[in-house]
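As a plain string of letters, each chain reads:
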Amino acid sequence: MNAKVLAVANQKGGVGKTTTCANLGIGLAREGKKVLLIDCDPQGSLSISLGNPQPDSIPTTLSTIMSKVITDTPLELKEGIITHAEGVDLLPANIELSGTEVGLVNTMSRESILKQYIETVKKDYQFILIDCMPSLGMLTVNALACADSVIIPVQAQYLPAKGLEQLLQTVAKVRKQINPKLNIDGILLTMVDNRTNFAKDIAALLRDTYGSKIKVFGTEIPHSVRAAETSAEGKSIYAHDPKGKVAEAYTNLTKEVIKIEKLRQKHKSDIGR
Ligand SMILES: Nc1ncnc2c1ncn2[C@@H]1O[C@H](COP(=O)(O)OP(=O)(O)OP(=O)(O)O)[C@@H](O)[C@H]1O
Ligand SMILES: [Mg+2]
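What counts, and where the lines are drawn
Residues numbered from 1 in each chain as written. Chains lettered and ligands numbered in written order. Predicted model: local features only at pLDDT ≥ 70, side-chain atom pairs only at ≥ 80, totals over all residues. Heavy atoms only, no water. Near = heavy atom within 4 Å. Polar contact = N/O pair within 3.5 Å; in protein donor to acceptor, adjacent residues only side chain to side chain. Areas by Shrake-Rupley, 256 points an atom, 1.4 Å probe, with all protein chains shown as cover. Helix = DSSP H or I, 4+ residues; strand = E, 2+ residues; numbered from the N terminus. Nonpolar A, V, L, I, M, F, W, Y, C, P; charged D, E, K, R; others polar. Axes fitted to C-alpha atoms, helices over the stretch in contact; angles between N-to-C directions. Parallel < 35°, antiparallel > 145°, perpendicular 65-115°, else oblique. Contact = heavy atoms within 4.5 Å. Buried < 20%, exposed > 50% of the residue type's maximum accessible area, 1.4 Å probe, protein only. Arc of directions from axis to C-beta. Salt bridge = Lys/Arg side-chain N within 4 Å of Asp/Glu carboxyl O. Disulfide = S-S within 2.5 Å. Pairing = 2+ DSSP bridges. Expected span 1.5 Å × (residues − 1).

Engineer: Give a detailed account of the site of ligand 1, specifying residues and quantitative values.
Structural biologist: Close to ligand 1 lie 18 residues; Gly14, Lys17, Thr18, Thr19 and Pro222 are nearest. At 2.8 Å from an oxygen atom of ligand 1 is found a side-chain nitrogen or oxygen belonging to Thr18. Thr19 is positioned with one of its side-chain polar atoms (N or O) 2.5 Å from an oxygen atom of ligand 1. About the coverage of ligand 1: the protein hides 80% of its 630 Å² of free accessible area. Contributions of two or more residues to the shell around ligand 1 are made by α1 (17-30) and α9 (225-233). A per-element tally of the shell around ligand 1 places α1 first, with three residues. Across the shell around ligand 1, the residue classes break down as seven nonpolar, eight polar and three charged.

Here is the structure:
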């Protein structure tokens with residue numbers, strides 16, 4: 001195995017990054033994939049939404065692991081990894097991660113600390129998903145530096161144009177300076193309210209503006225209170241509301257992501273021939 005590493009990123013807050021990470025991750029596990037989810041946000045929202053309501057009391061987190069990489073301390077097997085009942089592994093995070101981010105300033109190879117960790121676990125998984133925090137700071141740069149691809153959730157209610165431009169510039173910069181193989185798998189419309197035409201307008205606008213360069217996922221995630229309830233339950237949408245439209249949407253997104261990966265593998269082996 002050699003995991004595909006996906007960063008779920010958007011510096012705008014509350015657009016559905018964490019919800020997508022949890023439900024795409026568990027969606028992939030339901031398709032039989034070996035999945036590691038990495039919480040890369042000091043808020044610990046992904047850790048909370050996967051059943052750890054008090055991340056600040058978790059002893060070993062991404063912060064611990066990154067500090068060990070920085071000081072060149074050997075890691076234990078599966079150190080810090082928590083297994084979720086729905087078949088994914090989680091490396092949690094908590095508030096300590098913000099201290100780690102500050103400390104990166106004085107660290108050698110500060111953009112590639114997370115990458116050094118991921119290299120050690122890549123062989124154990126087929127997909128590694130990184131839940132980024134709402135900023136374009138050092139932690140997000142670390143995620144982009146080790147990712148094969150980015151998924152960009154965009155909340156359909158608001159015109160995302162400006163913020164998106166900034167994110168795309170950061171991706172371009174990381175690609176140029178640190179990680180030339182970084183792709184954008186796509187923009188994902190989230191919290192789509194089908195009672196309004198906004199989502200359709202925004203989807204059309206995104207396709208007009210970026211469509212030639214960036215894929216907009218065919219799947220859109222509908223707005224539903226059911227989705228908002230999952231975090232407190234520590235369960236995925238498949239467990240919380242299996243017949244609902246959000247579960248269906250995340251199942252479809254999972255299939256799209258698997259398809260993209262299959263095409264890429266095929267492309268790679270065609271080139272190799
Ligand atoms: N499809 C949905 N329908 C309704 N509510 C949703 C949906 N997806 C997510 N939410 C809710 O919207 C809020 C923001 O979602 P989420 O935490 O996934 O966003 P985020 O981008 O990770 O936020 P942050 O930038 O703070 O990390 C949460 O309260 C979540 O439960
Ligand atoms: Mg989040």
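Structure shown, so let's carry the discussion forward.
Engineer: Tell me about the packing of α1 against helix α11 (residues 245-272), and please be specific about residues and values.
Structural biologist: Where α1 contacts α11, the axes come no closer than 9 Å and their chain directions differ by 70°. By the angle between their directions, the pair α1 and α11 is classed as roughly perpendicular. Between α1 and α11, the residues in contact are Thr19, Thr20, Asn23, Leu24, Gly27 and Leu28 and Tyr250, Leu253, Thr254, Val257 and Ile258, respectively.

Engineer: So what's going on with helix α4 (residues 96-103)? Residues and values would help.
Structural biologist: By the burial criterion, the buried members of α4 are Leu97, Thr100 and Glu101. Projection of α4 onto a plane perpendicular to its axis shows the buried side chains occupying an angular sector of 100°, all on one side. Packed against the buried residues of α4 are β2 (35-40), α3 (62-70) and α6 (138-146).

Engineer: With reference to specific residues and values, describe the pattern of salt bridges.
Structural biologist: Across all of its chains, the model carries twelve salt bridges by this definition. Glu256 is the partner of Lys215 in a salt bridge, and the nearest nitrogen-oxygen pair spans 3.2 Å. Of this pair, Lys215 sits in the loop between α8 (198-210) and α9 while Glu256 is found in helix α11, placing the two residues 41 residues apart along the sequence. Judged by relative accessible area, which is 34%, Lys215 ranks as partly exposed. Lys235 serves as the salt-bridge partner of Glu233, at 3.7 Å between the closest nitrogen and oxygen. A cluster of three or more residues bridged by salt bridges with shared partners is formed by Lys4, Asp185, Glu261 and Arg264.

Engineer: Explain the state of the cysteines to me, using residue names and the numbers behind them.
Structural biologist: Following the criterion strictly, the structure yields zero disulfides and no others. Not engaged in a disulfide, the cysteine Cys21 finds its nearest cysteine sulfur in Cys132; these two sulfurs lie 7.9 Å apart. Free cysteine: Cys132, not disulfide-bonded; nearest cysteine sulfur from Cys40 at 5.7 Å. We classify Cys132 as buried; its relative accessible area is 1%.

Engineer: Give me the sheet that holds β2: which residues, what numbers.
Structural biologist: Here we have seven strands laid out as an open sheet, ordered β3-β4-β2-β5-β1-β6-β7, and mixed in their pairing. The sheet is open, and its two edges are formed by β3 (82-83) and β7 (183-190), each paired on a single side. Bridge count between β3 and strand β4 (residues 89-91): two bridges; the pairing is antiparallel. Each residue of the ladder has a partner; that of Ile82, found in β4, is Leu90.

Engineer: Report on α8, specifying residues and quantitative values.
Structural biologist: Helical periodicity: at 3.6 residues per turn, an α-helix aligns residues three or four positions apart in one direction. Look at α8: 18 Å from first C-alpha to last across 13 residues, which is about the 18 Å you get at 1.5 Å a residue. Those residues of α8 lying buried are Ala199, Ile202, Ala203, Leu206 and Tyr210. For α8, the angular spread of buried residues about the axis comes to 100°, placing them on one side. Every exposed residue of α8 that faces more than 90 degrees away from the buried side is listed here: Lys200 and Asp208.

Engineer: Just give me the short version of the pairing of β2, but keep the residues and values in it.
Structural biologist: Among the six residues that make up β2, six are buried, leaving the element largely enclosed by the rest of the structure. Residues Val35, Leu37 and Asp39 of β2 are buried on one face, and the alternating residues Leu36, Ile38 and Cys40, pointing to the opposite face, are buried as well. As judged from the six bridges shared by β2 and strand β5 (residues 127-132), these two strands associate in the parallel manner. Within β5, the position partnered with Ile38 by the bridge is Ile130. As paired elements, β2 and β4 share three bridges and run parallel to each other. Its bridge partner being in β4, Ile38 is matched across the sheet by Leu91.

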